[in-house]
Amino acid sequence: EAGVTQSPTHLIKTRGQQATLRCSPISGHTSVYWYQQALGLGLQFLLWYDEGEERNRGNFPPRFSGRQFPNYSSELNVNALELEDSALYLCASSDGRTGLFNEKLFFGSGTQLSVL
Amino acid sequence: AQTVTQSQPEMSVQEAETVTLSCTYDTSESNYYLFWYKQPPSRQMILVIRQEAYKQQNATENRFSVNFQKAAKSFSLKISDSQLGDTAMYFCAFMKFGSDDKIIFGKGTRLHILP
């Protein structure tokens, strides 16, 4: 069974540009979570999508946005990139049907975003 | 708001030794889950062990066990007979019981297992 896949693996952008990160959850999983892992800060919760809807959002500015498609894959968009957006962006999925949406998260290997 | 604190940024132990990673958390909730996740150099986060707050018995998964002290809000991870493959970043995490919340992570402890 394929795990959570993220693309691209690495992404290099310059300040002010836009970045699009993609995530495909495990087959059958309906929930997708995005986390930002900046150096020394651990994982910061960004966004949670389930069944195509945004369910929860972390303390990030509106230029961080995303969506979930009918096949449950997801995109994270970061507009007007700033230097401090440089981080590893992790996507995770879970089976929302368990009743505890993120009782067990399965993570991808992340997209390393570098903003120059 | 819930917080998770890992006071050991980095640790090193010899192979085959036992090591304990510390984690404390702050919450006013009575029902919640606690987790330890491992992030090896491959960057993929792997669930190591999970503890439900309503269970008094400490969770165990092979060489990994936890010491859950609910009153003290402490949740340490013990790795017995450590192996080179245990070298990784370890994150303690908290999740409030319920369907509308997310997992909150600590800043991590980088563990080096030395040959």
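Before reading on, note that the structure itself is shown above.
Residues numbered from 1 in each chain as written. Chains lettered and ligands numbered in written order. Predicted model: local features only at pLDDT ≥ 70, side-chain atom pairs only at ≥ 80, totals over all residues. Heavy atoms only, no water.

Undergrad: Would you explain the interface of chain B and chain A in this entry?
TA: Interfaces are often described in size by the accessible area the parts lose on coming together. Each partner contributes residues to the interface: chain B has 22 residues there, and chain A has 26 residues. Around 2,000 Å² of area is buried between chain B and chain A when both sides are counted, 53% of it from carbon and sulfur atoms. Summed over the shared surface of chain B and chain A, the result is zero salt bridges. Linking chain B to chain A there are six residue pairs in polar contact (both at pLDDT 80 or more). Elements with a minimum of two residues in the side of chain B that touches chain A: β5 (32-39), β6 (46-52) and β10 (88-96) of chain B. The leading source of residues in the side of chain B that touches chain A is β5(B), at four residues. (Contact = heavy atoms within 4.5 Å. Buried area = accessible area lost by both parts, 1.4 Å probe. Salt bridge = Lys/Arg side-chain N within 4 Å of Asp/Glu carboxyl O. Polar contact = N/O pair within 3.5 Å; in protein donor to acceptor, adjacent residues only side chain to side chain. Helix = DSSP H or I, 4+ residues; strand = E, 2+ residues; numbered from the N terminus.)

Undergrad: How do you make sense of the state of the cysteines when you look at a structure like this?
TA: Working definition: the covalent bond between the sulfur atoms of two cysteines is a disulfide. Here the structure, examined in full by the defined rule, presents two disulfides over all chains. Note on cysteine connectivity: A:Cys23 is disulfide-linked to A:Cys91, with sulfurs 1.8 Å apart. A torsion of -60° about the S-S bond marks the disulfide between A:Cys23 and A:Cys91 as left-handed. Note that A:Cys23 is positioned in strand β3 (residues 19-24) and A:Cys91 in strand β9 (residues 87-94), a separation of 68 residues in sequence. Like A:Cys23, the residue A:Cys91 is buried in the burial classification. Disulfide pairing places B:Cys23 opposite B:Cys92 at an S-S distance of 2.0 Å. Linking B:Cys23 and B:Cys92, the disulfide has an S-S dihedral of approximately -70° and is accordingly described as left-handed. In this pair, B:Cys23 is assigned in the loop between β3 (19-21) and β4 (24-26) and B:Cys92 in strand β10, connecting sequence segments 69 residues apart. Here B:Cys23 and B:Cys92 have matching classes, each one buried. (Disulfide = S-S within 2.5 Å. Buried < 20%, exposed > 50% of the residue type's maximum accessible area, 1.4 Å probe, protein only.)

Undergrad: Looking at this structure, I do not really get the side chain of B:Arg43. What am I missing?
TA: In this fold, B:Arg43 is placed in the loop between β5 and β6. Buried and unpaired, B:Arg43 has A:Asp85 as its nearest opposite-charge partner, separated by 17 Å. For B:Arg43, the side chain forms a polar contact with the main-chain oxygen of A:Ser109, separated by 2.9 Å. Leaving out residues up to four positions away in the same chain, B:Arg43 has contacts with A:Thr9, A:His10, A:Leu88, A:Leu90, A:Gly108, A:Ser109, A:Gly110, A:Thr111 and A:Gln112. (Lys, Arg positive; Asp, Glu negative; His and termini not counted.)

Undergrad: How should the pattern of salt bridges be read in this particular structure?
TA: All names here are of chain B. One pass over the full model with this rule turns up nine salt bridges over all chains. The shortest N-O distance in the salt bridge between Arg50 and Glu52 comes to 2.6 Å. Residue Arg50 is classed as partly exposed on the basis of its relative accessible area of 25%. Glu52 gets classed as buried once you look at its relative accessible area, which sits at 8%.

Undergrad: Help me understand the pairing of strand β2 (residues 10-14) of chain B, please; the structure alone is not making it clear to me.
TA: Working note: regular strand, side chains alternate between the two faces of the sheet. Residues and elements named next belong to chain B. Side chains Met11 and Val13 of β2 all project onto a buried face; the interleaved residues Glu10, Ser12 and Gln14 project onto a face where none is buried. As paired strands, β2 and strand β12 (residues 109-114) are joined by five bridges and run parallel to one another. Its bridge partner being in β12, Glu10 is matched across the sheet by Arg110. (Pairing = 2+ DSSP bridges.)

Undergrad: Looking at this structure, I do not really get the environment of A:Leu81. What am I missing?
TA: Residue and element names in this part refer to chain A. Tracing the backbone through its elements, the reader meets Leu81 in the loop between β8 (74-78) and β9. For Leu81 and Leu105, which are 24 residues apart along the polypeptide, the C-alpha to C-alpha distance reads 28 Å. Beyond its immediate chain neighbours, meaning those up to four positions away, Leu81 contacts Lys13, Thr14, Arg15, Gly16, Gln17, Gln18, Ala19, Arg63, Leu113 and Val115.

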